[in-house]
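# Geometric and topological summary
Listed here are the chains, written in short residue letters.
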Amino acid sequence: MLQDLLYKIKIKAVHGSTDVKIESVQTDSRAVEKGGCFIAVKGAVADGHNFINTAIEKGAKAIIAEHLPASLQPGITYIETDNSAAAAGIAAHNFYGSPSLNMNLVGVTGTNGKTTVATLLFKLFTNFGYKCGLISTIENKIADEVIPSTHTTPDAVHLNALLGKMHYAGCKYVFMECSSHAIEQ
């Protein structure tokens, strides 16, 4: 439910009902599906606020944004917040069942060696008999399952989706390569 996604998000205003079932959470309007919640985040290249109508056309039931469109469409719930990037992380965390609270996460940062250190820790703990996850530039892993990697650190939605899969698979430890850019975001 939308009201569950909003837990701990700093809300300025709500237009519409929060008693709405949400099927997915997205910050990319191209990935929005029917029944989804679109979070408009201003990025380095594009501003998600420019794609609110596209997200609604694709089936979004809820919009979380820092500034709302001049014209609000009926049947859509709009949530105004001061920081939609922070809201995206919180909403994704809530949507995927707060997976990071149920595993031991180890973030590896620095100028050089992040991939090597995270991979070595993953292999070491796996050899000790623990079911582990790995998030790195080279690949993401859930035990023996390889999941292609597209960024050093996935965005908040993809990161929580991946952590949710790892938790569901029974991972006790997750070793994550963290770029300084991703930490800032």
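Remember, predicted model here, so these are calculated numbers, not experimental data. (Residues numbered from 1 in each chain as written. Predicted model: local features only at pLDDT ≥ 70, side-chain atom pairs only at ≥ 80, totals over all residues. Heavy atoms only, no water.)

### Observations concerning the state of the cysteines
A disulfide bridge is the covalent bond that connects two cysteines by way of their sulfur atoms. For the structure shown, the criterion picks out zero disulfides. Free of any disulfide, Cys132 has its nearest neighbouring cysteine sulfur in Cys171, separated by 6.8 Å. According to the relative accessible area criterion, Cys132 is buried, its value standing at 1%. (Disulfide = S-S within 2.5 Å. Buried < 20%, exposed > 50% of the residue type's maximum accessible area, 1.4 Å probe, protein only.)

### What to know about the sheet that holds strand β8 (residues 139-142)
Note: strands within a sheet are paired through backbone hydrogen bonds, in either parallel or antiparallel orientation. Across the sheet, which stays open at both edges, the five strands sit in the order β6-β10-β7-β8-β9 with mixed pairing between neighbours. Only two strands of the sheet have a single partner each, and these edge strands are β6 (104-108) and β9 (145-148). On average, adjacent strands in this sheet sit at an angle of 20 degrees to one another, irrespective of strand direction. Sheet contacts for helix α4 (residues 114-127): β6, β7 (132-135), β8 and β10 (173-177); angle to β10, the most-contacted strand, approximately 170 degrees. Strands in contact with helix α5 (residues 156-168) are β6, β7, β8, β9 and β10; relative to β7, the strand with the most contacts, it is inclined by about 160 degrees. (Pairing = 2+ DSSP bridges. Helix = DSSP H or I, 4+ residues; strand = E, 2+ residues; numbered from the N terminus. Axes fitted to C-alpha atoms, helices over the stretch in contact; angles between N-to-C directions. Contact = heavy atoms within 4.5 Å.)

### Considering the pattern of salt bridges
Taken as a whole and judged by the stated rule, the model has four salt bridges. For Asp82, the salt bridge identified is with Lys12, shortest N-O distance 3.5 Å. With a gap of 70 residues between them, Asp82 in the loop between β5 (77-81) and α3 (84-95) and Lys12 in strand β1 (residues 11-15) connect regions that are remote in the sequence. Taking the relative accessible area as the measure of exposure, Lys12 reaches 49% and is therefore partly exposed. Between Glu23 and Lys21 there is a salt bridge whose closest N-O contact spans 3.7 Å. The network of salt bridges with shared partners includes Lys12, Glu80 and Asp82. (Salt bridge = Lys/Arg side-chain N within 4 Å of Asp/Glu carboxyl O.)

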